[in-house]
Every structure is written in C-alpha cells, then in structure tokens.
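Secondary and tertiary structure notes
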Amino acid sequence: MGAMMAVATTAARRREIKQFTYQWEGVDRNNRMMRGEMRAASTTVVTSNLRRQGIRPIRVKQLRLRGGGRVTEKDITLFTRQLATMMRAGVPLLQSFDIVARGHSNPRVSKLLLDIKNDIETGSSLNQAFRKHPRQFDALYCNLIAAGESAGVLEVVLERLAQYKEKILAIKSKIKSAMFYPAAIIVVAVVVVTIIMLFVIPAFKQVFTSFGADLPAPTLIVIAISDFFVTYWYLMALVVAGIIATPIILWRRSTKFRMIFDRMILRFPVLGDVIRKATLARWSRTLATMFAAGVPLVEAMDSVAGAAGNYVYYDATKKIQSEIATGVSLTASLQNRGNVFPNMVIQMTQIGEESGSLDTMLSKVADFYEQEVDDAVAALSSLLEPIMMVLLGVIIGGLVIAMYLPIFKLGSVV
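Below is a short write-up of the structure. (Residues numbered from 1 in each chain as written. Predicted model: local features only at pLDDT ≥ 70, side-chain atom pairs only at ≥ 80, totals over all residues. Heavy atoms only, no water.)

Here's the deal with the overall build of the protein chain
Where we set the bar: By definition, any uninterrupted DSSP run of H or I lasting at least four residues is a helix, any uninterrupted run of E lasting at least two residues is a strand, and each is numbered from the N terminus. A radius of gyration in this sense is built from C-alpha atoms; the matching globule rule multiplies 2.2 Å by the number of residues raised to 0.38. When a residue's accessible area, from a 1.4 Å probe over protein chains only, is under 20% of the maximum for its type it is buried; when over 50% it is exposed; and in between it is partly exposed. Method for areas: the Shrake-Rupley scheme with a 1.4 Å probe, in which residue coverage is limited to the protein chains shown. Counting rule applied: Lys, Arg positive; Asp, Glu negative; His and chain ends not counted. For this purpose, a charge sits on NZ of Lys, CZ of Arg, CG of Asp or CD of Glu.
Looking only at helices and strands, the protein chain has 17 helices and 3 strands in total. Scaling as 2.2 N^0.38, a compact globule of 414 residues should have a C-alpha radius of gyration of about 22 Å, whereas the protein chain reaches 30 Å, well beyond that. Along the three orthogonal principal directions, the C-alpha set of the protein chain runs to about 100 × 65 × 50 Å. Within the span of the protein chain, comprising 414 residues, buried residues form 38% of the whole. As displayed, the protein chain has an accessible area near 23500 Å², and 61% of this comes from carbon and sulfur atoms. Here the protein chain holds 48 positive side-chain charges and 32 negative ones, and the gap between their average locations is 9 Å.

Quick look at the packing of helix H3 (residues 73-88) against helix H4 (residues 93-103)
Convention followed: Geometry is summarised by axes, namely lines fitted to C-alpha atoms with helices restricted to the contacting stretch, and by angles between N-to-C directions that run from 0 to 180 degrees. What sets the label is the angle itself: under 35 degrees gives roughly parallel, over 145 gives roughly antiparallel, 65 to 115 gives roughly perpendicular, and the rest give oblique. By definition, any crossing whose near helix is turned counterclockwise from its far helix by less than a right angle is left-handed, and any crossing with a clockwise turn is right-handed. What makes two residues a contact is simply this: any of their non-hydrogen atoms within 4.5 Å. As a working rule, the residues Ala, Val, Leu, Ile, Met, Phe, Trp, Tyr, Cys and Pro are called nonpolar, Asp, Glu, Lys and Arg charged, and the rest polar, with Gly in that last group.
The geometry of H3 relative to H4 is characterised by a closest axis approach of 10 Å and an angle of 135 degrees between their N-to-C directions. Taken as axis vectors, H3 and H4 run oblique relative to one another. As H3 packs across H4, the resulting crossing turns out to be right-handed. Within the contact between the two elements, H3 uses Phe79, Gln82, Leu83, Met86 and Met87 and H4 uses Leu93, Ser96, Phe97, Ile99 and Val100. Of the residues belonging to the contact of H3 with H4, the class tally is 8 nonpolar, 2 polar and no charged.

Side note on a nonpolar patch on the surface
Heads up, the rule is: Put simply, a patch holds well-exposed residues, over 30% relative accessible area, that have no salt bridge, with like charges counted together within 9 Å and Val, Leu, Ile, Met, Phe, Trp or Tyr side chains within 5 Å. Salt-bridge detection follows one rule: a side-chain nitrogen of Lys or Arg within 4 Å of a carboxyl oxygen of Asp or Glu.
Side chains of Phe228, Tyr232, Trp233, Tyr234, Leu235, Leu238, Val239, Val240, Ile243, Ile244 and Ile248 sit close together on the surface and give an oily, nonpolar patch of about 1100 Å² of accessible area. Per-element accounting of the nonpolar patch gives the leading share, 9 residues, to helix H10 (residues 233-253). Along the chain, valine 239 turns up in helix H10. With a relative accessible area of 43%, valine 239 lands in the partly exposed category.

Details of the nonpolar core
As a rule of thumb, soluble globular proteins bury nonpolar side chains together. This is how the line gets drawn: Throughout, nonpolar core names a set of buried Ala, Val, Leu, Ile, Met, Phe, Trp, Tyr and Cys residues whose side chains join them through atoms within 4.5 Å.
If you look at the biggest cluster of nonpolar residues, it comprises 77 residues, and the most contacted ones within it are Phe130 and Phe341. Those residues in contact with phenylalanine 130, other than ones at most four positions away along the chain, are Phe79, Phe97, Ile116, Phe137, Tyr141, Cys142 and Ile145. Core analysis: the second largest hydrophobic core is formed by 16 residues, Ile196, Met197, Val222 and Ile223 among them.

Some words on unusual backbone geometry
Here the phi dihedral of asparagine 31 falls at roughly 60 degrees; this positive angle occurs in a residue that is not glycine. Mapping asparagine 31 onto the fold places it in the loop between strand S1 (20-27) and strand S2 (33-40).

Re helix H12 (residues 271-292)
One turn of the α-helix equals 3.6 residues, which is why residues spaced by three or four share an orientation. Note the threshold: The span one expects for a helix is its residue count, reduced by one, times 1.5 Å.
If you check H12, its first and last C-alpha atoms are 32 Å apart, about what 22 residues at 1.5 Å a residue would give, namely 32 Å. Most of H12 is tucked away: 18 of the 22 residues are buried. Just downstream of H12, glycine 294 is the residue with a positive phi angle, here 95 degrees.

Have a look at this one:
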C-alpha cells in the first residue's frame, strides 16, 4: 500500500513539473537543417529528445511569453471552428493544433494550444487534455468531446460544437449590444453632471453673489446640490463605487443574492422578456447539441443547467434531471415546472420525443427564440434611444436653465 502511494505521489509530481516552449535548430542524419518548437521542462530534455530522433541540436532557445490578453470565449469559439474545419479536411489532430497555435495573434492562446498538444503527444485523450484547462473548456465542451471520441465521430461533434459556440456567442453579443447604449448614456450623464456640479456651477455662484439680488428657487436648489458635491465629492465617489461593486461582489459570493436577482430580472418589463428568450434559446441549443452527440439525457442535464445562465432555469433543470432519472418523460417534467417553460417548448419537446427527433425539434426551438431575441433587441434599442436622449436632455437642460434663470431675471429688470 505504501509503495503504491509513493508511486502515485511521484507520478503527481511529474505531472506538476512546469514546462516551457523551446525553439530549436539542428541537423538530421542527412545533414539537412531542421527547425521547430518543443514543450519541455528544460533545455536538457529538449536536447535528449532531439538526439533520440536522430537530430543533432545546434541551438535551443526558450521562448518567452510576451504580451497578449486573456483567452476569451471568442478565441475558444474560433479555435473550435478552425479545428473542426481542418479535421473535416483530413488534417491530423496534432498538426491541426500546431497550425492554429502558430497562426494565432494572442500568445496566450498559442501557449494554451501547445500545452494541449503536448498532453496529447504524451498519451492523453483530447477530452482529458481539455479538462486540464477548465477556465477555457467547461464541462459541456469536454463531455461533448468525450462523447465524440468514444463514438468515433469527433469531426461531427466538433462541427456541432463549433455551431453551438457560435450561436451562444451571438446571443451574448446581442444582449451586450442592447445594454451598451443605455450604459454609455448613463456614464456620459454622470460625467457631465459631475463636471457641471464641481466646476461650472461654483463659477456661476461667484457671479451671482455679486448681483446682490434674490435668486430663483431652482437656482438655489442646484447651488445647494453643487455645494454638497464640492464638500463631499469623496463621499459621492465612494457611494458610486459601492453601488457598482456591491452587486458584483454579492453576485460572485452569494448564491441567495444570485437567486433573488435572477428571479427579479426576469420580471423586468422589457429587458426581462429579452433575457428569458435568450435563456430559452441557450437552454434548447445546449440540450439539442448534447443529445445529438449521444450524451445520455440525464447526464446532459448537468451541462444544460450550467449553460442556462439563470438560476431559475438552473433550478428547474436540476429538478427535471431528478424526475427523468426516476423514469418521468422530458415532456411531463417540463410541464411540472409551471410557467418556467412556455407551451411551445413543451409541445415541440413532446413531438420530438414521440417522433425520435428530439435534437431536431429542440434546434428549431432554439432557432425560433434566437430570432425572437434579434427582434426584441432591435425593438429595445429603438425604444431606449429616444428615452435615454430625453432623460439626458432633461437633466443637463434643467441644470443649464436653472443657472441662467437669474441672468434672464436680471435682463428683464434692466
């Protein structure tokens, strides 16, 4: 037993050895110049590996990771599409990783892909290599790859996975674009009002003091607010920072807050409808992709729950998973969730179960709600634009009018 533990510990330590990327040049047995890159723990390891291959190393240099931003979901989506395209074209898996890694503009993505390639070269399966990087490749991604490898249809699964990632990324970008305009207007309004309160109104106050006349009530109110801003500007900055930071911190650390927030946001008049449709599209697309890849329905629900993006649907999916495990049909389980799933989703699911084409029906549901999200985002943008412009005009215009009222009053007296 002790010997087995010692062997396991030694193996774990070997896995933890940090590796680097080395660029090498050498001469093969036919005196031809050879160049390449290799992942290894040290220069000595690179030299030894090259000599085993019959290459006499001339120069071995460690490559430094310079610059590059973090690996984004867009990077992973693009990589999945490139890998699917190359494998469909018959390019070997390791060569595909090498081509994508060397052609990427972000050094961090290149390093990530070369690390995965190195794991595959040392005997790991593709899904095992992906599971070592959970931040970039979630459980859904790895489960689909594992299903494709076990069934021998990795090219088909990669194609489905690429389509899935592209669709989900498109939905997220549409939601972000709908929120960007009002957020930008609010930021501009806060900056402009802060500048007016801290610098413009105090200058007007000095001018009005020399008038020696009574000021109109709106002007007095604005001056009093400006005085508060000037005196307690640091307090105002802390309040704004707290308003922004507190929800973010609570979202990350408190499950209860996330539950309450997710329930509330679905009840918002216009935005809630957009988020509900986007969640349904993501839910349907994820389940369709998992089911089409051959993942059992009960196991697929774990990934579907995590991909939903809203706690209401996460909780509902977990309950559906429990009921399916006891023999309840998917349609009946959806009906048991009350108003969480619309009637159309339930009917399409029932048709899919009865006809044996559940993945096709769920894909159609996802297509429908993705189009609904497009229309809702367009309507939301056209509705918010005039409202935000009017709101900004009222705030800024009201401040300007309040400061010019004494001037108008003085002009009428003269």
